[in-house]
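As a plain string of letters, each chain reads:
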Amino acid sequence: MSENLLEIRNLHVTYKTDDDEIFALNGVDLKVKKGETLGLVGETGAGKTTMALSIMRLLPDRVGFIKQGEILLEDMNLIKVTEADMRLMRGQDVSMIFQDPMTSLNPIHTVGHQIAEVLFLHHPNAAANEIEQKVDDMMEMVGIPSDRKAEYPHQFSGGMKQRIVIAIALACNPKLLLADEPTTALDVTIQAQVLKMMNDLKDSFNASMILITHDLGVVAQICDSVAIMYAGEIIEVGSAVDIFESESHHPYTVGLFGAIPDMTKKTRRLNPIDGLMPDPTSLPLGCRFAERCPRREDICASERPSVMQMSATHGIKCHLFKRGDERATA
Ligand SMILES: Nc1ncnc2c1ncn2[C@@H]1O[C@H](COP(=O)(O)OP(=O)(O)OP(=O)(O)O)[C@@H](O)[C@H]1O
Ligand SMILES: [Mg+2]
């Protein structure tokens, strides 16, 4: 059996607006191993949420389109799965935690009811008392006393609401958890707790996770591997050690991480880089980062770079490395 739980190949996604087509994902390739946590980073508009929504098959109807590519979850191509089957796979095979817990919680139902609902969906023949017991277990597992299950979302704090969302996401023991900036809406002191809890639970369920975050400290602490996204492409991917300790990086990574990445430094946000991402309705011909790149050369404007493998785990999409110049330091 393959060691990869998820493999995305050449994924292209567009959004159609009244008069434009937005090229949100432009040939994403990515692998997630069983049991691993992959950190997905990149500036706003890079396509991170689009990638998660594509895996969930939750792109907005009649607006977002998967144009090309494959999303293989244990060899099953999610793009080809029927909507009815996909509904069953959500929660059980792949679950998503959104940035704002209120996106996922229904204000008019008790939290216990909402956890029970997903359990019933996936275990329609289970006895009511079994489901109740599982609801209690899930609440206790995320650190909320189960006797509060009859309360409504507004009766909980932000951190508690996000814990309930995590309980719902994990209730059916998914193989893959997609967490889209799951703690950004929370207090800084609660963020670390919730993240650690989520990662421990993910380990105990033997699941894999894609964690979308702007926080490099979180990436360094939690992630086994890291993918860096720019204008709808993964421009660098590697193990956490490759990303934080190797000397070779995509010039975009160097800028984003603030010169020399360091795993031991205190929590840090990604650095803003001068300039803007290219207009997603008309992308440049060559490398999409060329215009902002301090190391650009003539070829960068005309030819798109392909991935250069620095090692078995470390790949960089940049012309610099074609010539064997491995020291793309700022
Ligand atoms: N519903 C939509 N309709 C039209 N364009 C969209 C839609 N959703 C996203 N986009 C566009 O697709 C591109 C990728 O957006 P996406 O939300 O995936 O970025 P992101 O990396 O998650 O950013 P952020 O860090 O801000 O959450 C952007 O150019 C965005 O404007
Ligand atoms: Mg997003």
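Our structure's up above, just so we're on the same page.
On a predicted model such as this, the values are computed, not experimentally measured, just so you know.

Our next topic: the environment of Lys175. Position of Lys175 among the secondary structure elements: in the loop between helix 6 (158-170) and strand 7 (176-180). For Lys175, a relative accessible area of 31% gives the class partly exposed. Placed 173 residues apart in sequence, Lys175 and Ser2 show a C-alpha to C-alpha distance of 14 Å. The residues contacting Lys175, other than those within four sequence positions of it, are Leu5, Glu74, Gln92, Asp93, Ala207 and Ser208. Polar side-chain contacts of Lys175 include one of 3.1 Å to the side chain of Glu74. Engagement of the side chain of Lys175 in a polar contact is seen with the side chain of Asp93, the distance being 2.9 Å.

Once that is clear, we can look at the site of ligand 1. In the vicinity of ligand 1 lie 15 residues, with Thr44, Gly45, Lys48, Thr49 and Thr50 positioned nearest. In the environment of ligand 1, an oxygen atom lies 2.9 Å from a nitrogen or oxygen atom belonging to the backbone of Gly47. The separation between an oxygen atom of ligand 1 and a polar side-chain atom of Thr49 is 2.8 Å. Sorting the residues of the shell around ligand 1 by element identifies strand 2 (21-33) and helix 1 (48-56) as the ones contributing at least two each. Considering each element in turn, the shell around ligand 1 owes the most residues, three residues, to helix 1. The residue inventory of the shell around ligand 1, partitioned by class, reads seven nonpolar, six polar and two charged.

Overall, the coordinates contain 17 salt bridges when judged by the stated rule. The partner of Lys175 in a salt bridge is Glu74, and the shortest N-O contact between them spans 3.1 Å. Linking Lys175 in the loop between helix 6 and strand 7 with Glu74 in the loop between strand 4 (64-73) and strand 5 (76-77), this pair joins segments that are 101 residues apart in sequence. Here Glu74 falls in the partly exposed class, since its relative accessible area comes to 33%.

Right, let's get into the pairing of strand 3 (residues 37-41). Among the five residues of strand 3, five are classified as buried, and the element is accordingly described as predominantly covered. In this sheet, strand 9 (residues 225-230) lies alongside strand 3 in parallel orientation, the contact comprising four bridges. Bridge assignment links Val41 to a residue of strand 9, and that residue is Ile228.

A separate point is the pairing of strand 2. A regular strand places its side chains on the two faces of the sheet in alternate fashion. With ten bridges connecting them, strand 1 (residues 4-16) and strand 2 associate as antiparallel partners. For Tyr15, the partnering residue across the bridge sits in strand 2 and is Ile22. Counted along the chain from strand 1 to the antiparallel partner strand 2, the turn is four residues long.

Another point: the sheet that holds strand 10 (residues 233-239). With respect to topology, eight strands assemble into an open sheet ordered 6-7-8-3-9-10-12-11, the strand pairing being mixed. Because the sheet does not close on itself, it has two edges, and the strands there are strand 6 (94-97) and strand 11 (307-309). Ignoring which end each strand starts from, the neighbouring axes of this sheet average 20° apart. Judged from the two bridges that link them, strand 10 and strand 12 (residues 315-317) form a sheet pairing that is antiparallel.

Although it is not a glycine, Arg57 adopts a positive phi angle of roughly 55°. As for its position among the elements, Arg57 is in the loop between helix 1 and strand 4. If you check the backbone angles, Asp75 has positive phi at about 75° while not being a glycine. With respect to the element layout, Asp75 can be found in the loop between strand 4 and strand 5.

Each value, and the rule that gives it
Residues numbered from 1 in each chain as written. Chains lettered and ligands numbered in written order. Predicted model: local features only at pLDDT ≥ 70, side-chain atom pairs only at ≥ 80, totals over all residues. Heavy atoms only, no water. Helix = DSSP H or I, 4+ residues; strand = E, 2+ residues; numbered from the N terminus. Buried < 20%, exposed > 50% of the residue type's maximum accessible area, 1.4 Å probe, protein only. Contact = heavy atoms within 4.5 Å. Polar contact = N/O pair within 3.5 Å; in protein donor to acceptor, adjacent residues only side chain to side chain. Near = heavy atom within 4 Å. Nonpolar A, V, L, I, M, F, W, Y, C, P; charged D, E, K, R; others polar. Salt bridge = Lys/Arg side-chain N within 4 Å of Asp/Glu carboxyl O. Pairing = 2+ DSSP bridges. Axes fitted to C-alpha atoms, helices over the stretch in contact; angles between N-to-C directions.

From the geometry alone we can't say anything about function, so treat these as descriptive.
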